[in-house]
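Letter by letter, the chains look like this.
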Amino acid sequence: MRGQKIVATDYKTLTINGLWKNNPALVQLLGLCPLLAVTASVVNALSLGIASMLVLIGSNFAVSAFRHLIPNAVRLPIYVMIIAALVTSIELLMQALTYELYLILGIFIPLIVTNCIIMGRAEAFAAKNTISAALYDGFIMGLGFTIVLVLLGAIRETLGSGTLFADMHLLFGPIASTWKIVIIDDYVGFLFAILPPGAFVGLGLLIALKNLFDQRIDKKTGKTSTNQVLRLETSNDI
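Draft legend 1. Region of the structure containing the overall build of the chain. On a plain count of helices and strands, the chain comes out with eleven helices and two strands. Starting at the N terminus and walking to the C terminus, you meet the elements of the chain as α-α-α-α-α-α-α-β-α-β-α-α-α. For the chain, buried positions account for 39% of its 238 residues. Once local pairs closer than 6 in sequence are excluded, the contacts in the chain between residues at least 24 apart make up 76%. Accessible surface, the chain: about 13,000 Å² in total, of which carbon and sulfur atoms supply 68%.

Right, dumping it as C-alpha cells:
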C-alpha cells in the first residue's frame, strides 16, 4: 500500500457519481438485500440509510488514515474488522437510543458488515486517497444510497398504507409524533406494495425511470450512454 500514488480528487465528479451516474443502489445494484427488505416505510428506510452512511464515512476514514500501515496481503480482513467494529458501535447506539426501531430493523443492522458498498469503497477509493477525499466519498455514496432507500420507502408506504412519515417518532423522538401525513382516508391498504415483490417492482421502476432520463439526456447532448457502450462491447466480444 505504501507505493500507491494518491490521485487528485475531483469532488464534483464524486458528487455526480455518488448521487446519480454511479449510484450504489440504482447503478451498481449493491446493498439490495437491506434495501428491499426494510423499505416498507420511510422511517425504516431512513434509519438504515443513516446507519449505512455513518459506517461508510467511518470505514473510509479509518482505511484512508492507516492505508500506509495496512499490509497489502491482509488488507481485506482488516477492512472487515474495521467495518464490523463500526457496525457494532452503531448497533449498540441504536439499542440505547432507538430500541423499538432497532427491534424492527433486526438482523439488517448487523448485516451492514456484509454490505458490498462499504467494502467496495474502502478497497477502490479510501485505500488510494487522502482522508478528506475518503470522508467525502463515504458521505456522498451513503447519501446516494439513503436517497434511494427513502424514495422506495415513500412509494411503498404510500401505496401500502396510504400514509407518509408514519412512526417517525421512533427515530426522532416525541417531536416527530405529528409528522405523519394521511394521504388517503379510510385506506384499506395495498398489501403487495409492502411485501417483498412490491420492493422488487418499486426498485425496478426507479431504475427504469433513471435509465429513461439518462437516455433522454444522451439524445439531447449527442452522447452514447454507458449502458449502450457496454452492450456494444459485449456484442463485439461475442
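Draft legend 2. Region of the structure containing the pattern of salt bridges. The full count for this structure, using the stated rule, is three salt bridges. Among the salt bridges present, the one from aspartate 137 reaches arginine 121, with a minimum N-O distance of 2.7 Å. Of the two residues, aspartate 137 is situated in helix 7 (residues 131–161) and arginine 121 in helix 6 (residues 116–124); the sequence distance between them amounts to 16 residues. By the burial criterion, aspartate 137 is buried, and arginine 121 matches it. One salt bridge in this structure joins lysine 210 and aspartate 214, with 2.6 Å as the shortest N-O distance. You can see lysine 210 and its partner aspartate 214 sitting in helix 10 (residues 196–221), four residues apart, about one turn around the helix. The buried category is assigned to lysine 210, whose relative accessible area is 5%.

Draft legend 3. How the structure looks around empty space enclosed by the protein. Throughout the structure, instances matching the rule amount to one cavity of 30 Å³ or more. Together, Pro34, Leu48, Ser52, Phe108, Ile112, Asn115 and Phe145 line the largest cavity. Of the residues belonging to the lining of the largest cavity, the class tally is five nonpolar, two polar and no charged.

Draft legend 4. Looking closely at the environment of glutamine 28. With respect to the secondary-structure elements, glutamine 28 resides in the loop between helix 1 (11–21) and helix 2 (32–37). C-alpha of glutamine 28 to C-alpha of isoleucine 117: the two residues are 89 residues apart in sequence and 8.7 Å apart in space. Every residue in contact with glutamine 28, bar those within four places of it in the chain, is listed here: Asn22, Asn23 and Met141.

Draft legend 5. Spotlight on the packing of aromatic side chains. One pass over the full model with this rule turns up five aromatic pairs. An angle of 45 degrees between the planes, with centres 5.3 Å apart, marks the rings of phenylalanine 172 and tryptophan 179 as tilted. Residue tryptophan 179 is classed as partly exposed on the basis of its relative accessible area, which comes to 37%.

The rules behind each value
Residues numbered from 1 in each chain as written. Predicted model: local features only at pLDDT ≥ 70, side-chain atom pairs only at ≥ 80, totals over all residues. Heavy atoms only, no water. Helix = DSSP H or I, 4+ residues; strand = E, 2+ residues; numbered from the N terminus. Buried < 20%, exposed > 50% of the residue type's maximum accessible area, 1.4 Å probe, protein only. Contact = heavy atoms within 4.5 Å. Areas by Shrake-Rupley, 256 points an atom, 1.4 Å probe, with all protein chains shown as cover. Salt bridge = Lys/Arg side-chain N within 4 Å of Asp/Glu carboxyl O. 1 Å grid on protein atoms, 1.4 Å probe; cavity = no way out; pocket = protein on both sides within 12 Å on 5 of 7 lines; lining within 4 Å. Points joined across faces, edges and corners; volume = space filled by probe spheres on them. Nonpolar A, V, L, I, M, F, W, Y, C, P; charged D, E, K, R; others polar. Phe/Tyr/Trp six-rings, centres within 6.5 Å; stacked < 30°, edge-to-face > 60°.

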